[in-house]
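What follows is each chain in one-letter form.
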Amino acid sequence: MTQSDELLEHVRDRYAAAAKAVGSGSGASCCGPTDALASISDRDESDIFGAGRYTAEQTGDLPAEAVLASLGCGNPLAVAELREGERVLDLGSGGGIDVLLSARRVGDAGFAYGLDMTDEMLELARANAIKAGATNVEFLKGQIEQIPLPDASIDVVISNCVINLSTDKPAVLAEMFRVLTPAGRIGISDVVAEDHLSPAERAERGSYVSCIAGALSESEYLAGLAAVGFADAEVVFTHEAAPGMHAAVIRATKPEGATAPPATTWTAPLAVAAVGESSCCSSGDQSSCCAPSAKAECCGGHAHVSGSCGCR
Ligand SMILES: C[S@@+](CC[C@H](N)C(=O)[O-])C[C@H]1O[C@@H](n2cnc3c(N)ncnc32)[C@H](O)[C@@H]1O
């Protein structure tokens, strides 16, 4: 198994646990967003991530489990300005909140797909769609690096705090471009780093699974979008997620005349990723609780850079 495969499995395990925290028999009455968040982070991040980014009007008549499972860092609906009749794809749809809201917005003439790799999340999202009575939705199993939809079949790609989790970001950006119709657009929420932060400094601020260590910087995002052919790209910071790192809105369009994505040589920086984090403390914790001189002892004699296995 490559390090990237290991990291992907780690992400899948953590989000499966988050889905179970919401969807377990205890249900909405005793599980809250913090329970789901606790599965992906050991910090209280409920003021940065979760359902607080939606208006009461938006969430009022959604199934409680869809709202409780909200683990995003924004509200891509507010970003994408969806219109009646559009076909929408949500990358990393989780418990389905953005798919259900999109489906409502595009109406019966439109359609909303959710794509997620985690069975437990798909099960939760499909149950939520039934509870919501949504008929113009479908939740697909798959990876955002290899979208199981034809070329030029989608008008708007949305995503809420997922692209930072990908171990192959160039593939995700190229796939978004491929599935969009010409003049199609992206309206994405994601965590984005200020340009001066190195991958190691990003990893010091939080773990990979809690959407911090794998974040692109603003200029990396813009370069990646341009490299696969997007036009009019912008990254707008909305609120701070960690020092020098922000929840952000990312918009771009596929030019009218575009067909196939151009070959790209753009490579995302390698995150200082925490494979094996699950049995260790977060990279944020370890930077404060593991002095370099103590690392050999607390990490069992292995050499560890910041962001890898920690001191618990
Ligand atoms: C931070 S949660 C966000 C869920 C949802 N967008 C929301 O706002 O609540 C990340 C979701 O993306 C999924 N995910 C992460 N990496 C993925 C990948 N490479 N391919 C498909 N799904 C992925 C996880 O299973 C999880 O459901």
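Here's what I pulled together on the structure shown here. If you're wondering where the values come from, they're calculated on a predicted model, not measured in any experiment.

## Quick look at the site of the ligand
Then comes step 1: Residues in contact with the ligand amount to 24 residues; listed here are only the nearest, G72, G92, G94, T118 and N160.
Then comes step 2: Those elements giving two or more residues to the shell around the ligand turn out to be α1 (3-23) and α7 (97-106).
Then comes step 3: Across the shell around the ligand, the residue classes tally to 11 nonpolar, 10 polar and 3 charged.

## Overview of α7
Then comes step 1: For α7, the buried fraction is high: 8 of the 10 residues fall into the buried class.
Then comes step 2: Of the residues making up α7, those classed as buried are I97, D98, V99, L100, L101, S102, A103 and V106.

## Looking at the pairing of strand β3 (residues 137-141)
Then comes step 1: In this sheet, β3 lies alongside strand β2 (residues 111-116) in parallel orientation, the contact comprising 5 bridges. Bridging from a neighbouring strand, G114 pairs with F139 of β3.
Then comes step 2: In this fold, the crossover linking β2 to β3 by way of helix α8 (residues 119-132) has right-handed handedness.

## Some details on helix α11 (residues 218-228)
Then comes step 1: Those residues of α11 that sit buried are E220, Y221, G224, L225 and V228. Viewed end-on, α11 has its buried residues packed into an arc of 130°, placing them on one side of the element.
Then comes step 2: Buried residues in α11 make contact with α9 (169-179), β5 (180-193), β6 (216-217), β7 (231-242) and β8 (245-253).
Then comes step 3: Of the residues flanking the end of α11, it is G229, one or two places downstream, whose phi is positive at about 115°.

Reading guide: rules and limits
Residues numbered from 1 in each chain as written. Predicted model: local features only at pLDDT ≥ 70, side-chain atom pairs only at ≥ 80, totals over all residues. Near = placed C-beta within 6 Å. Helix = DSSP H or I, 4+ residues; strand = E, 2+ residues; numbered from the N terminus. Nonpolar A, V, L, I, M, F, W, Y, C, P; charged D, E, K, R; others polar. Buried ≥ 20, exposed ≤ 12 C-beta atoms within 10 Å, placed from the backbone. Pairing = 2+ DSSP bridges. Right-handed = clockwise from strand over helix to strand, strands pointing away. Arc of directions from axis to C-beta. Contact = placed C-beta atoms within 7 Å.

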